[in-house]
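# Chain and residue survey
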Amino acid sequence: MKFFIDTANLEQIKEAQALGILDGVTTNPSLMAKEGITGHDNILKHYKAICDIVDGDVSAEVVSTDFEGMVKEGEALADLHPQIVVKVPMIKEGLKAIAYFTEQGIRTNCTLVFSVGQALLAAKAGATYVSPFIGRLDDISTDGLVLIEDIRTVYDNYEFETQILAASVRHTMHIVECAKIGADVMTGPLNAIEGLLKHPLTDSGLEKFLADYAKGNS
Ligand code: E4P
């Protein structure tokens, strides 16, 4: 499973990259705003800065909601850097834009996906990635992981090449469960990723090893 970090914070991206496990980055307009990145030129500059830190795919989201606007924005984003994947919302115009980008060889991430039907449409339009938002489903008492399982089944039934990018991951167990189901990618915050490191037996075991070493070498 590929690991993407879901942030526009350059320090956190650097930290995840330094762990040696980072395969890419996802951003969205809310994450950009959270970092205080506003204005078209600054946003483009920031995407470039992210691409300079990581080797993998960087999702950059369009903010138009009509086909022509999405195409114009998406083409400019794709021209920015070869690592850019154009992130397009799962709406009718977005679906048309994904099909257009697919024909042009521009890679896409279909975002704001909350149902198997939507994921099926994204795959048929040729999306590179589909982003089901599991945390936001959990927020409304619907098991987001079940959606990942169902999309996996449907994609496997028809050998769709669209990669399932489990998004809106909120905690460490989401990551573990996504890996068990067979999501192709997960995107989550740094603290959820670093949570995978933790085990009390690792900490107590290391403490004992270091104490025994100190005894023998003092
Ligand atoms: C995915 O690409 C989205 O940016 C993100 O995962 C949404 O997460 P949230 O529901 O925590 O805002």
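Quick look at the structure, then.

Pairing within the closed barrel is parallel, and its eight strands lie in the order E1-E2-E3-E4-E5-E6-E7-E8. Neighbour-to-neighbour, the strand axes of the sheet open up by a mean angle of 30°, direction not taken into account. Across three bridges, strand E2 (residues 24–26) lies against strand E3 (residues 57–61) in parallel orientation. In the strand pairing of E3, Gly24 is matched with Asp57. Sitting on the sheet, helix H4 (residues 67–80) touches E3 and strand E4 (84–89), and the angle it makes with E4 is about 160°. Strand contacts of helix H6 (residues 116–124): strand E5 (108–113) and strand E6 (129–132), with the helix running at about 165° to E5, the strand carrying the most contacts.

Here we take up the layout of surface pockets. Estimated volume of the largest pocket: approximately 370 Å³. Around the largest pocket, the lining comprises 23 residues; the ones closest to its centre are Asp6, Asn28, Leu31, Arg136 and Ser168. At three residues, the largest contribution of residues to the lining of the largest pocket is made by helix H2 (residues 29–34). A breakdown of the residues in the lining of the largest pocket according to their chemical character gives seven nonpolar, ten polar and six charged. Its volume calculated, the second largest pocket comes out at about 240 Å³. Together, 14 residues line the second largest pocket, and His40, Ile43, Glu61, Val63 and Glu73 are the ones closest to its centre. Of all the secondary-structure elements, those providing two or more residues to the lining of the second largest pocket are H2, helix H3 (40–53) and H4. At four residues, H3 tops the list of elements feeding residues into the lining of the second largest pocket.

Conventions adopted
- Residues numbered from 1 in each chain as written.
- Predicted model: local features only at pLDDT ≥ 70, side-chain atom pairs only at ≥ 80, totals over all residues.
- Heavy atoms only, no water.
- Pairing = 2+ DSSP bridges.
- Helix = DSSP H or I, 4+ residues; strand = E, 2+ residues; numbered from the N terminus.
- Axes fitted to C-alpha atoms, helices over the stretch in contact; angles between N-to-C directions.
- Contact = heavy atoms within 4.5 Å.
- 1 Å grid on protein atoms, 1.4 Å probe; cavity = no way out; pocket = protein on both sides within 12 Å on 5 of 7 lines; lining within 4 Å.
- Points joined across faces, edges and corners; volume = space filled by probe spheres on them.
- Nonpolar A, V, L, I, M, F, W, Y, C, P; charged D, E, K, R; others polar.

Function-wise, these values are silent; they only describe arrangement.
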